[in-house]
Amino acid sequence: MAKINDHYQKLTAGYLFPEIARRVAAFTETNPEADVIKLGIGDVTRPLPPAVVDAFHAGVDEMASADTFRGYGPEQGHLFLRELIAANDYASRGVSVDPDEIFVSDGAKCDCGNIQEIFSTECKVAVADPVYPVYIDTNVMAGRSGPADDEGRYEGIHYMPCTEENGFQPDIPSEPVDLIYLCSPNNPTGTVATAEQLTRWVEYARGCGAIILFDAAYEAYVSDPGLPRSIYEIDGAREVAIEFRSFSKTAGFTGTRCAFIVVPRELRGKNTAGEEVSIHQLWSRRHSTKFNGASYPVQCAAAGIYTDEGKAQVKELIDFYMENARIIREGLSASGYAVYGGIHSPYSWLRIPGARSSWEFFELLLETTHIVGTPGSGFGPSGEGYFRLSAFGDRERIEEAIERIRDKLPAD
Ligand SMILES: *Cc1c(COP(=O)(O)O)cnc(C)c1O
């Protein structure tokens, strides 16, 4: 019999969202008349912007005609899209990223999960706690950890607790680490790192030879122009950081699938012989060996974001979700909850009143208000005692949700 990868068996209980779905299904079965409002899952709800749809259609039409049909494209992504990304996402903010350093893919989840492959299994990994589960689980699968303890912490992984005490910003590790996953604006806490905080990370990484894996999937939600949207806005970051971006939350691409990563040419790792190796070259080799490029019409659709109309429509989309976030944040505060995030992020992170656990509050909220949220403990042990509410949804439903909480479950 074929031997399996034992590391997979270290993974703790099922994924968070299936468990939520199971509990909601059980609730609606016994309460079929309940009008349930879902503010749990991190998925967008508004359709693709018209400029994106037009560009998408044009790409499909090209595929439908013998003159313009295209087969395999470049694995790294079409140059037209990489040039638009370099100009609009980076040069416009004074950051120099060459189109050649951009790798287009079908999602930041895969990129965040795949990146660890080009590093040694001996690398020490640091992650924020709570965290987007992909960073940890993919390192566990690869064998960079021991088993999980009772609270779900894997042996050998360096956890960086993010709580009210440190303003939900991870502290610099007290032990040497090799790979540091950072996410700002953060999922799940909704908080954002300042330039000073990111500067400390870049200096730390430069000092100890670590590499920062910076997930900027929510950068479009940063509403203060003074806050960094890219790690490369920090001096010296090109030598120590890889950046992950996605069109999913920016432009409603969760079902359309397009993302990219930036791997600067300066970035170096070390092989067993102690020689310096280009990380860009390694990733290029990996990407072109295991990936055959994102769909052409999808890349055309992504390019549609960068037209004048596209930019205006994307801004409108983000503004819509951010108004939802404001309604959630201010409504909950008015009902006595301590709320974090929700200003530069679609996620609000609330402190659960009393001594309830995250799952107890999940059940209480569902039973008394028929609202579904996400238990903080599902994102890591330090998320215990917190709860995530998402601003992705219909305006009326969110207003209704906030009224229900005010009337039926105020914190004070
Ligand atoms: C949604 C999300 C992504 C984007 O994933 P895609 O695969 O591009 O849809 C990446 N990182 C975080 C933290 C996210 O929440």
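Our structure is the block above this text.
Everything numeric in this text was worked out from a predicted model, so none of it was measured.

By the secondary structure assignment, Arg23 is in helix 1 (residues 16-30). Separated by 339 residues in sequence, Arg23 and Phe362 have C-alpha atoms that sit 9.6 Å apart. Discounting chain neighbours no more than four positions away, the residues touching Arg23 are Trp359, Phe362, Glu363 and Leu366.

Within the structure, the ligand sits among 14 residues, and Tyr218, Ser246, Ser248, Lys249 and Arg257 are positioned closest to it. In the environment of the ligand, an oxygen atom lies 2.9 Å from a nitrogen or oxygen atom belonging to the backbone of Lys109. Ser246 is positioned with one of its side-chain polar atoms (N or O) 2.6 Å from an oxygen atom of the ligand. Among the secondary structure elements, those contributing two or more residues to the shell around the ligand are helix 4 (108-114) and helix 7 (248-251). Looking at the shell around the ligand residue by residue, the classes come out as six nonpolar, four polar and four charged.

The element strand 12 (residues 347-351) is extensively covered by neighbouring structure, given that four of its five residues are classed as buried. When strand 11 (residues 339-341) meets strand 12, the two strands line up antiparallel, connected through three bridges. When the sheet's bridge partners are listed, Tyr340 is paired in strand 12 with Trp349. Between strand 11 and strand 12, which pair antiparallel in sequence order, lie five residues; one of them, Gly342, sits at a positive phi of approximately 75 degrees. Across five bridges, strand 12 lies against strand 15 (residues 386-390) in antiparallel orientation. Looking at the pairing, Tyr347 lines up with Ser390 of strand 15.

With the rule as written, the count across this model stands at 21 aromatic pairs. Centroid distance Tyr221 to Phe392: 6.4 Å. Interplanar angle 80 degrees. Geometry classified as edge-to-face. Remark: Phe392 occurs in the loop between strand 15 and helix 12 (395-408) and Tyr221 occurs in the loop between strand 6 (211-215) and strand 7 (241-246); sequence separation between them is 171 residues. Each member of the pair, Tyr221 together with Phe392, is buried. Three or more aromatic residues joined by ring pairs make a cluster, and in this case those are Tyr218, Tyr221, Phe320, Tyr321, Tyr347 and Phe392. Positioned above the aromatic ring of Phe320, the side-chain terminus of Arg46 is 4.0 Å from the ring centre. Directly above the aromatic system of Tyr386 lies the positively charged group of Arg351, at a separation of 4.7 Å from the ring centroid.

Thresholds applied
- Residues numbered from 1 in each chain as written.
- Predicted model: local features only at pLDDT ≥ 70, side-chain atom pairs only at ≥ 80, totals over all residues.
- Heavy atoms only, no water.
- Helix = DSSP H or I, 4+ residues; strand = E, 2+ residues; numbered from the N terminus.
- Contact = heavy atoms within 4.5 Å.
- Near = heavy atom within 4 Å.
- Polar contact = N/O pair within 3.5 Å; in protein donor to acceptor, adjacent residues only side chain to side chain.
- Nonpolar A, V, L, I, M, F, W, Y, C, P; charged D, E, K, R; others polar.
- Buried < 20%, exposed > 50% of the residue type's maximum accessible area, 1.4 Å probe, protein only.
- Pairing = 2+ DSSP bridges.
- Phe/Tyr/Trp six-rings, centres within 6.5 Å; stacked < 30°, edge-to-face > 60°.
- Lys NZ or Arg CZ within 6 Å of the ring centre and 35° of its normal.

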